[in-house]
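Examination of the molecular architecture
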Amino acid sequence: MIEPFQSWLTRSAPVAAAQTAGRAVVALESTIIAHGMPYPENVRTAREVEAVIRGLGAEPATIAVIGGRIRIGLSDQELELLGRSGQAAKVSRRDLPAVLASGALGATTVAGTMICAALAGIEVFVTGGIGGVHRGAELSFDISADLQELAKTSVAVVCAGAKSILDLALTLEYLETQGVPVLSCGQDNFAAFYTRDSGLRADYRLDDPAQQARFIRTKWDLGLAGGVVLSTPVPEAAAMPRGEIDAITQRALAEAKEQGITGKALTPFLLARIEALTGGRSLATNIALVKHNAEVGARLALAMAAGRRGLPP
Ligand code: PSU
Ligand code: MN
């Protein structure tokens, strides 16, 4: 039977071929391209991240909404369009029907990408840093829809922790309440995006992709729907000094408050201000961490695919 959602989904030829062959596929988001980094670094990074994944033997599937279709796997020209247009909507769960039905251009967030990846049967998704509980959320109620999506949609999300503009302790509390396991690879603690160590322990440390895959498969085999976070720290050489990034983040947060920036505009504003205030160094860190996440994600996807085929991982 063809499910109704299938008519909204279009896979690129390489992604369709990889899935038919049971090969490893890694989903990638597009908000990071359209709203998370400036042009042309955004498009260059998107292509480099895809190349990292291909180099390890998995197939990248960058996801966006284009021309009234959820597109799974984009061409170079489509990556350019998203990175350059400045017009793409930021598409989370609530926005997906509007942007699809209208035929507008949409860049999917972590939440939006998880929904589309799950519809397309892709189990592993790589981003930079997930959204989370914003600082001062007790007054603003600003909690990223990414966390609710992790609670219900069964996709493994590989990240360098949650973005350090957030309240990371409250983000982990929220994930615990929602039953979302937080795995860490390469260290015991949850990563802090621009820096390696949040000072907060992840739930389980699993460095080996086969072990990560076994954990995730066990969760889903039990019918425990929902995502898994796999955190891995930015490579040492690319990490920002903790004190400096903390001070700059405080400043960017104060500017956002002064200028009344809230809602979906807040995270892109903060990332752009931090980039300006660090003279571009935070962008280099962001690029390095996404590429590293792509390596970890590709290895996980290969282990998941091997497990599906019943091979020793
Ligand atoms: N990771 C990055 N840069 C980004 C994002 C993640 O390195 O821009 C995006 C993701 O799409 C994530 C979004 O879902 O930031 C969070 O936005 P908000 O806080 O409005 O939920
Ligand atoms: Mn928000």
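In the block above lies the structure referred to throughout.
Residues numbered from 1 in each chain as written. Chains lettered and ligands numbered in written order. Predicted model: local features only at pLDDT ≥ 70, side-chain atom pairs only at ≥ 80, totals over all residues. Heavy atoms only, no water.

In this section: the site of ligand 1. Every one of the 18 residues lining ligand 1 counts as a neighbour, but Glu29, Lys90, Ser144, Asp146 and Thr267 are closest to it. In the model, a nitrogen atom of ligand 1 is placed 3.1 Å from a nitrogen or oxygen of the Gly129 main chain. Within the side chain of Ser144, a nitrogen or oxygen atom sits 2.7 Å from an oxygen atom of ligand 1. Considering ligand 1 on its own, with 480 Å² of exposed area, one finds that the protein chains cover 94% of that surface. The pocket occupied by ligand 1, as judged from atoms lying within 2 Å of grid points, is the largest pocket. Every element with two or more residues in the shell around ligand 1 is listed here: helix H2 (31-36) and helix H12 (266-277). Tallying contributions element by element places H2 first for the shell around ligand 1, with three residues. A class-by-class count of the residues in the shell around ligand 1 yields four nonpolar, 10 polar and four charged. (Near = heavy atom within 4 Å. Polar contact = N/O pair within 3.5 Å; in protein donor to acceptor, adjacent residues only side chain to side chain. Areas by Shrake-Rupley, 256 points an atom, 1.4 Å probe, with all protein chains shown as cover. 1 Å grid on protein atoms, 1.4 Å probe; cavity = no way out; pocket = protein on both sides within 12 Å on 5 of 7 lines; lining within 4 Å. Sits in = over half its atoms within 2 Å of the grid points. Helix = DSSP H or I, 4+ residues; strand = E, 2+ residues; numbered from the N terminus. Nonpolar A, V, L, I, M, F, W, Y, C, P; charged D, E, K, R; others polar.)

A separate point is unusual backbone geometry. Comment: phi is negative for the bulk of residues other than glycine, and the bulk of peptide bonds are trans. Residue Pro40 is bonded to the preceding Tyr39 through a cis peptide linkage, with omega at 5 degrees. Mapped onto the elements, Pro40 comes out in the loop between H2 and helix H3 (41-55). In the Ramachandran plot, Phe193 falls in the positive-phi region, its phi being about 65 degrees despite a non-glycine side chain.

Let us now look at the pairing of strand E4 (residues 69-72). For strand E1 (residues 9-11) and E4, the ladder comprises three bridges, and the chain directions are parallel. Following the sheet pairing, Thr10 is matched in E4 by Arg71. As paired strands, strand E3 (residues 59-66) and E4 are joined by four bridges and run antiparallel to one another. Bridged to Ile66 within E4 is Arg69. Linking E3 to E4, which pair antiparallel, is a turn of two residues; within it Gly67 sits at a positive phi near 60 degrees. (Pairing = 2+ DSSP bridges.)

A full pass over the atoms with the stated rule returns 21 salt bridges. With its nearest N and O atoms 3.8 Å apart, the salt bridge here joins Arg23 to Glu59. You can see Arg23 sitting in the loop between helix H1 (13-20) and strand E2 (25-28) and its partner Glu59 sitting in strand E3, a full 36 residues away along the chain. Residue class for Arg23 comes out partly exposed when judged on its relative accessible area of 34%. Looking at Glu59, the relative accessible area reads 9%, which means it is buried. Between Arg84 and Glu80 there is a salt bridge; the shortest N-O distance is 3.1 Å. Remark: Glu80 and Arg84 occur in helix H4 (residues 76-85); sequence separation between them is four residues, near one turn of the helix. (Salt bridge = Lys/Arg side-chain N within 4 Å of Asp/Glu carboxyl O. Buried < 20%, exposed > 50% of the residue type's maximum accessible area, 1.4 Å probe, protein only.)

This part is about empty space enclosed by the protein. A full pass over the atoms with the stated rule returns one cavity of 30 Å³ or more. A volume near 150 Å³ is recorded for the largest cavity. For the largest cavity, the lining is made up of 14 residues, of which Glu29, Ile32, Ile33, Ala46 and Val290 are closest to its centre. Of all the secondary structure elements, the ones that give two or more residues to the lining of the largest cavity are H2 and H3. Broken down by element, the residue count for the lining of the largest cavity peaks at four residues, all from H3. Of the residues in the lining of the largest cavity, the class split is eight nonpolar, five polar and one charged. (Points joined across faces, edges and corners; volume = space filled by probe spheres on them.)

A few words on the packing of aromatic side chains. Scanning the entire structure with this criterion turns up two aromatic pairs. Relative to Phe215, the ring of Tyr204 has its centre 5.8 Å away and its plane inclined at 50 degrees; by these criteria the two rings are tilted. With Tyr204 in strand E10 (residues 204-205) and Phe215 in helix H10 (residues 209-221), this pair connects stretches of sequence that are 11 residues apart. Residue Phe215 is classed as partly exposed on the basis of its relative accessible area of 23%. (Phe/Tyr/Trp six-rings, centres within 6.5 Å; stacked < 30°, edge-to-face > 60°.)

Here we take up the pairing of E2. The alternating pattern of E2 places Val25 and Ala27 and Val26 and Leu28 on opposite faces, both of which are buried. Across four bridges, the pairing between E2 and E3 is parallel. Bridge pairing links Leu28 to Thr62 in E3. The pairing of E2 with strand E7 (residues 124-126) spans three bridges and is parallel. Its bridge partner lying in E7, Val26 is registered against Val124.

This part is about the nonpolar core. Formed by 103 residues in total, the largest nonpolar core has its most connected members in Ile72, Ile130, Leu150, Leu175, Val229 and Leu300. For this core, the element with the most residues is helix H13 (residues 281-308), which contributes 12 residues. (Core = buried A, V, L, I, M, F, W, Y, C linked by side-chain atoms within 4.5 Å.)

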